[in-house]
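Structure assessment
Residues per chain, in single letters:
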Amino acid sequence: MQSIRIYEMPDCKMVSSGIGMFGEEKFNIFDEWLSSQKRGLFPKDFLFGTEEGFVWLYMYEDELNVPSGFEIIDFQGSLYAVATDIDQKTDRELMNAEIDKFLSDNGFERDTLRFELGNIITPPLAKKVMGYEQMDYYIPIKAKSNTSQQAQMV
């Protein structure tokens, strides 16, 4: 059984929280707005870290009533390797080793020009039963370049 899957995220519009930290007023307002959205089959929010803090994104749809102060941005989609683990308890070193092996075995490599994303996939009822939340980790990937493939053959 494979524990890594490939996901293609389309180019789309996203509502952006801007850079911030959990507990800050702007992030709290974004969290309240995001939490008020109707749950779908899959979560529509993604988080990524920068040197200055975090950015929270939510997939934009025309009927959304976006609070003032939050920008709607163009999001460049592409391929991601996705791994699931327990939020805030992930052994990142082990996960990265598993992802890198999967990518190498299947003709991919990391795309370091894009941010890694994450999102909580656990519905509230499941969290109540399990006592924790699961997180999907999205690692941007691309097909191996010829130079990478040639270097492996040497």
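Structure: above.
This is a predicted model, so every value here is computed, not measured.

Scanning the protein from N- to C-terminus turns up 4 helices and 9 strands. Counting from the amino terminus, the protein carries its helices and strands in the arrangement β-β-α-β-β-β-β-α-β-β-α-β-α. Looking at the protein residue by residue over its 154 residues, the buried ones come to 34%. A total of about 10000 Å² of accessible surface is found on the protein, and carbon and sulfur atoms cover 52% of it. Charged side chains of the protein number 15 positive and 26 negative; the gap between the two group centres comes to 5 Å.

The next point concerns the packing of aromatic side chains. Scanning all chains against the criterion turns up 12 aromatic pairs. Each ring, one from Phe22 and one from Phe54, has its centre 5.7 Å from the other, and the planes form 55°; the classification is tilted. Note that Phe22 is positioned in the loop between strand S2 (12-20) and helix H1 (25-35) and Phe54 in strand S4 (residues 54-59), a separation of 32 residues in sequence. Among the aromatic residues, ring-to-ring pairing joins Phe22, Phe27, Phe30, Trp33, Phe54, Trp56, Tyr58 and Phe70 into one connected group. The positively charged end of Arg114 is found above the aromatic ring belonging to Tyr80, 4.7 Å away from the centroid.

A contiguous nonpolar surface patch, about 400 Å² in accessible area, is contributed by Leu125, Val129, Met130 and Tyr132. Along the chain, Tyr132 turns up in the loop between helix H3 (124-130) and strand S9 (134-143).

Although it is not a glycine, Gln88 sits at a positive phi angle of roughly 65°. Looking at where Gln88 falls in the secondary structure, it is placed in the loop between strand S6 (78-86) and helix H2 (92-105).

Looking at the secondary structure, you find Leu64 in the loop between S4 and strand S5 (71-75). When its relative accessible area of 14% is taken as the criterion, Leu64 is described as buried. Put simply, Leu64 and Asn96 are 32 residues apart on the chain and 36 Å apart in space, counted from C-alpha to C-alpha. Leave out the neighbours within four places in its chain, and Leu64 touches Val15, Trp33, Gln37, Tyr58 and Met59.

Cut-offs used in this document
- Residues numbered from 1 in each chain as written.
- Predicted model: local features only at pLDDT ≥ 70, side-chain atom pairs only at ≥ 80, totals over all residues.
- Heavy atoms only, no water.
- Helix = DSSP H or I, 4+ residues; strand = E, 2+ residues; numbered from the N terminus.
- Buried < 20%, exposed > 50% of the residue type's maximum accessible area, 1.4 Å probe, protein only.
- Areas by Shrake-Rupley, 256 points an atom, 1.4 Å probe, with all protein chains shown as cover.
- Lys, Arg positive; Asp, Glu negative; His and termini not counted.
- Charge placed at Lys NZ, Arg CZ, Asp CG, Glu CD.
- Phe/Tyr/Trp six-rings, centres within 6.5 Å; stacked < 30°, edge-to-face > 60°.
- Lys NZ or Arg CZ within 6 Å of the ring centre and 35° of its normal.
- Patch = residues over 30% accessible without salt bridge, like charges linked within 9 Å, V, L, I, M, F, W, Y side chains within 5 Å.
- Salt bridge = Lys/Arg side-chain N within 4 Å of Asp/Glu carboxyl O.
- Contact = heavy atoms within 4.5 Å.

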